Number of protein chains: 2
Amino acid sequence: MTEHAIGVFDSGVGGLTVLKEIMRQLPGEELVYLGDTARVPYGTKSPATVLRYALEAADFLVGCRVKMLVVACNTASSVAVPALERRCSLPVVGVIEPGASRAAALTRNRRVGVIGTEGTIKSGAYTRAIQALDPRIEVFSTACPLFVPLAEEGWAEHPVALLTARDYLAPLIAQRIDTLVLGCTHYPLLKNTLRAVLGDAVELVDSAEETARLVATRLAGDRRFRQQSPQLPRYFVTDVPTRFEKVGGAFLGAPLLGVEQVELDKS
Amino acid sequence: MTEHAIGVFDSGVGGLTVLKEIMRQLPGEELVYLGDTARVPYGTKSPATVLRYALEAADFLVGCRVKMLVVACNTASSVAVPALERRCSLPVVGVIEPGASRAAALTRNRRVGVIGTEGTIKSGAYTRAIQALDPRIEVFSTACPLFVPLAEEGWAEHPVALLTARDYLAPLIAQRIDTLVLGCTHYPLLKNTLRAVLGDAVELVDSAEETARLVATRLAGDRRFRQQSPQLPRYFVTDVPTRFEKVGGAFLGAPLLGVEQVELDKS
């Protein structure tokens, strides 16, 4: 089992920011990444539909004989982690708990902001997770539906992104948050823009780093570390790979090689 | 057959602008609308995947015993109309030909701009359709991926939309176009913003109106007009209806009632 890969999935390219961080922190692990690009995005879809897609993605990765499942998508993590644990009999790591726990540790004034997709924000998953750690923390959350298309358009630092961020973040600034959770795996690309709007006094929490750390902790606990020489991850997508390869490079910070197409919805 | 409904489909809410225009021009017709909201958008997906989705949508509408199929989605029209005609043995009307024919009729300087999704622009369908009517017309096209999320966010007239439109349209203005095809069913919502950037000298072609006219012509040719008292369309979607009902009202210009959820990908 130690030799098996870690399975990572997302609706598309966003989860590559998490994959990148796992590769950095755990270079000896074998990795399999699945992007459900034929049905992306998940953020505007209902919990029932996202759950169905997440279960199909997990079935595919279990078929690749993974030892752990990382849900590198906030929307899927916010609705599917318990169901995935029941279905797969494997350790399942989502991105919500690690981000929530980091935010709870960082905040001084106990006023935390959360930004994410419509689905993630509506689920209330971050608020529950943060307040489970410290019920005195007030959580202010807002959906930022345009950040994903802006990041995918390569406009993360375009004046349009700045103007959009000013609009979306105004209510959070008004609430005097001192910590902001980037509750979507696309948002790390917008860090400079968010920083320009928020100033240096607000801490930004990027779930990718925290999630990779939790993956390491869980593997250590289970004594499942793999210490092989590093190799390239395997990539699977549900639409033809062209756009994933083109857009994903900016998320991974490296070229994407050997991406294969698979079908999830024809079982 | 005359009594049967007209089937209209789109990836989501955009096609409601076409449905609205058919209702206005042909109030005696029964209408069935299908929005593939579990897999929206089509504009960033590959031709092969969009074709697969379009065929599944058509199969569903044929099962509703429609007399005609209207592809109220530019991306699907740009890749799927011939395949749908072969599959369905029904008249199939897409949105590309009507818009192209209107643009060819309107342009004075034979310099036409086309804006649409990545998929529509990459297909080259508008350029081919316009130049088939008049090979002397030069066509300048550009993808505008942020217009769909801006329209769905309710930001069609927000300063962000204006700044985005200035950026996207600059190369078309530089080409001195006198006519612009709105090659995506979401774009009619952005008309005021586009007008603010382009001024009054550029004609805007909205495919919805032209498509409804072509539907009327085809029905008249086949003697299939229905002259009943108007009734509300039937609506089907592939995700839960909540978001479709909420966002779609702005596209239809009226409340959406009685929306039902169906599955297309579990055949």
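Within each chain, residue numbers correspond to sequence positions counted from 1 in written order. Just so you know, chain letters begin at A and ligand numbers begin at 1, following the order they were written in. For this predicted model, a pLDDT threshold of at least 70 governs which residues receive local features, and a threshold of 80 or more governs which side-chain atom pairs are given and counted, while totals over whole chains, interfaces and linings are taken from all residues.

## Here's the deal with the overall build of chain A
Here is step 1 of the chain: Along its length, chain A carries eleven helices and ten strands.
Here is step 2 of the chain: The atom set for the radius of gyration is the C-alpha atoms, and the globule formula is 2.2 Å times the number of residues raised to the power 0.38. Radius of gyration (C-alpha) of chain A: 17 Å, near the 18 Å computed for a compact globule of 267 residues.
Here is step 3 of the chain: The C-alpha extent of chain A, read off along each of the three principal axes, is 50 × 40 × 35 Å.
Here is step 4 of the chain: Using C-beta atoms placed from the backbone, we call a residue buried if 20 or more other C-beta atoms fall within 10 Å of its own, exposed if 12 or fewer do, and partly exposed for counts in between. With 267 residues in all, chain A has 54% of them scored as buried. Numbering goes from the N terminus for both helices and strands, where a helix is a DSSP run of H or I of at least four residues and a strand is a run of E of at least two.

## A few points about the domain arrangement of chain A
Residue and element names in this part refer to chain A.
Here is step 1 of the chain: All domain edges in this entry derive from an automatic or database-based domain assignment. As assigned here, chain A comprises domain 1 (6-95 + 209-261) and domain 2 (97-206).
Here is step 2 of the chain: Tallying the contact residues gives 28 residues for domain 1 and 22 residues for domain 2.
Here is step 3 of the chain: Every element with two or more residues in the side of domain 1 that touches domain 2 is listed here: α1 (16-25), α2 (47-63), α3 (74-88), α10 (207-221) and α11 (242-252).
Here is step 4 of the chain: A per-element tally of the side of domain 1 that touches domain 2 places α10 first, with five residues.
Here is step 5 of the chain: The nonpolar class holds Ala, Val, Leu, Ile, Met, Phe, Trp, Tyr, Cys and Pro. Asp, Glu, Lys and Arg form the charged class, and all remaining residues, Gly among them, are polar. Looking at the side of domain 1 that touches domain 2 residue by residue, the classes come out as 13 nonpolar, ten polar and five charged. What counts as a contact here is a pair of residues whose C-beta atoms, placed from the backbone, lie within 7 Å.

## Here's the deal with the interface of chain A and chain B
Here is step 1 of the chain: Listed per partner, the contact involves 20 residues of chain A and 20 residues of chain B.
Here is step 2 of the chain: When residues of the side of chain A that touches chain B are traced back to their parent elements, those giving at least two are α2, α8 (159-174) and α11 of chain A.
Here is step 3 of the chain: It is α8(A) that contributes the most residues to the side of chain A that touches chain B, four residues altogether.

## Some details on helix α10 (residues 207-221) of chain B
Residues and elements named next belong to chain B.
Here is step 1 of the chain: The end-to-end C-alpha separation of α10 is 21 Å, in line with the 21 Å expected for 15 residues at 1.5 Å each.
Here is step 2 of the chain: Residues of α10 that are buried: Ser-207, Ala-208, Glu-210, Thr-211, Ala-212, Val-215 and Leu-219.
Here is step 3 of the chain: Positive phi appears at Arg-223, one or two residues downstream of α10, with a value of about 50 degrees. One fewer than the residue count of a helix, multiplied by 1.5 Å, yields its expected span.

## A look at helix α3 (residues 74-88) of chain B
Residues and elements named next belong to chain B.
Here is step 1 of the chain: Here the bend at each residue means the angle between axes fitted to two seven-residue stretches, the one ending at that residue and the one beginning there. Maximum bend of α3: about 65 degrees, positioned at Ala-80, with proline Pro-82 one to four residues after it.
Here is step 2 of the chain: Residues Asn-74, Thr-75, Ala-76, Ser-77, Ser-78, Val-79, Ala-80, Val-81 and Leu-84 constitute the buried set of α3.
Here is step 3 of the chain: One or two residues past the end of α3 sits Ser-89, with phi positive at roughly 50 degrees.

## Structural notes on the relation of the copies chain A and chain B
Here is step 1 of the chain: For these two chains of identical sequence, chain A goes onto chain B by a turn of 180 degrees and a shift of 0.0 Å along the axis, with RMSD 0.0 Å. Such a turn and shift between the copies fits a two-fold axis. Rotation axis and chain A: the residue whose C-alpha lies nearest the axis is A:Arg39, separated from it by 2.4 Å.
Here is step 2 of the chain: When the interface residues of chain A are mapped onto chain B, 100% of them are again interface residues, pointing to one common binding face. Copy-to-copy alignment: least squares on C-alpha atoms, limited to residues at pLDDT 70 or above in both.

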